[in-house]
Amino acid sequence: MNKSDIKAFVLDLFFPNRCPLCGNVIKWDITYCQKCFDNLPWTGEELCNGCGNTKIDCTCDTSDFVFVRAYAAVYYRDVGKSAVVFLKQTKNMLFPRIAAEKIYEDIRNDSYPFEADLIVPIPMSKHKYNSRGYNQAALIGQAISDLMDIPMREDVLKRHNSFIAQHKLSAKLRRKNAGIRYYHGNTDGIKDKNILLCDDVMTTGSTLNECAKLLLSAGAASVAVAVAATTIRENSIF
């Protein structure tokens, strides 16, 4: 056992190693549960990269989404859900890197690959950021940034403080609420840029759509969205 292994072993006695996909305690010398990784509910060719719905339920011609492409790594269920929940509880970069690799692969294999100039994460309110200490959307964005060698900026969009959890709202209220929660930050350098907007979960798409509208109103040429997990239309295929 070398010095780094000894250090990891000792630290594990006080801070047990946990799987970033399920949150359970694991051996000090492994990074995740192999079973968890093997059971990640990856998205596949059934998804439309235009709207994020399944191809049989594609809404590209009828929805009011202003983003041009949509990419999601996994479905928000089973291990995919536990990985997102644990990311919100404990800062780690492994799941964001796993999601980023899948998103990067999907972009490269897309029939209309989005060529991003800049990555922008969905912002958190100051209240929530101070409470959590990090923005999980930014962790996902940073992982994509590192992988694709594209800069990320967290100052472009801002969010008002809100004490109502978005997931507790109906789809109609989500759309209404999203339009008043976000506003422009520093939009210098945004004009004519193709922007990849990142978040942890896509539910109705209202938050991503409203933030995409803000980016376009600031002069962005186009906006695509990338999320670690999606819930859209998953019940129609599972």
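A brief report on the enclosed structure follows. (Residues numbered from 1 in each chain as written. Predicted model: local features only at pLDDT ≥ 70, side-chain atom pairs only at ≥ 80, totals over all residues. Heavy atoms only, no water.)

1. Looking at the overall build of the chain
From N to C terminus, the chain includes 8 helices and 6 strands. Helices and strands appear in the chain in the N-to-C order α-α-β-α-α-β-α-α-β-α-β-β-α-β. Sorting the 238 residues of the chain into buried and exposed places 47% on the buried side. Considering only contacts in the chain between residues 6 or more positions apart, those separated by 24 or more positions represent 74%. (Helix = DSSP H or I, 4+ residues; strand = E, 2+ residues; numbered from the N terminus. Buried < 20%, exposed > 50% of the residue type's maximum accessible area, 1.4 Å probe, protein only. Contact = heavy atoms within 4.5 Å.)

2. Looking at the environment of F67
Position of F67 among the secondary structure elements: in the loop between helix 2 (34-38) and strand 1 (69-75). Each C-alpha atom, one on F67 and one on E210, is 9.6 Å from the other, the two residues being 143 residues apart in sequence. Ignoring anything within four residues of it in the chain, the contact list for F67 reads G50, C51, M202, G205, L208, N209, A212, V223, A224 and V225.

3. Re unusual backbone geometry
The phi dihedral of D78 falls on the positive side, at around 50°, and the residue is not glycine. Mapped onto the elements, D78 comes out in helix 3 (residues 78-89). With a relative accessible area of 52%, D78 lands in the exposed category.

4. Side note on the sheet that holds strand 5 (residues 194-202)
Here we have 4 strands laid out as an open sheet, ordered 1-6-5-2, and parallel in their pairing. Each end of this open sheet is capped by a strand with a single partner; those strands are strand 1 and strand 2 (118-121). Strand-to-strand twist of the sheet, defined as the mean angle between neighbouring strand axes without regard to direction, takes the value 20°. Strand direction decides the pairing type here: strand 2 and strand 5, joined by 4 bridges, are parallel. Along strand 5, the bridge assignment pairs I119 with L196. (Pairing = 2+ DSSP bridges. Axes fitted to C-alpha atoms, helices over the stretch in contact; angles between N-to-C directions.)

5. Quick notes on empty space enclosed by the protein
The tally for this structure, following the rule as stated, stands at 1 cavity of 30 Å³ or more. Considering only enclosed or pocket space, the largest cavity measures out at about 40 Å³ in volume. Forming the boundary of the largest cavity are L47, G52, A70, Y71, A72, M202, V227 and T230. Going through the elements one at a time, strand 1 and strand 6 (222-230) are the ones with two or more residues in the lining of the largest cavity. With 3 residues, strand 1 is the single largest residue contributor to the lining of the largest cavity. Split into classes, the residues belonging to the lining of the largest cavity amount to 6 nonpolar, 2 polar and no charged. (1 Å grid on protein atoms, 1.4 Å probe; cavity = no way out; pocket = protein on both sides within 12 Å on 5 of 7 lines; lining within 4 Å. Points joined across faces, edges and corners; volume = space filled by probe spheres on them. Nonpolar A, V, L, I, M, F, W, Y, C, P; charged D, E, K, R; others polar.)

6. Description of the pattern of salt bridges
Scanning the model with the defined rule gives 6 salt bridges in all. In this structure, the salt-bridge partner of R153 is D155, at a minimum N-O distance of 3.0 Å. Taking the relative accessible area as the measure of exposure, R153 reaches 19% and is therefore buried. Residue classification places D155 among the partly exposed positions, given a relative accessible area of 26%. K213 is paired through a salt bridge with E210; the nearest N and O atoms lie 3.4 Å apart. (Salt bridge = Lys/Arg side-chain N within 4 Å of Asp/Glu carboxyl O.)

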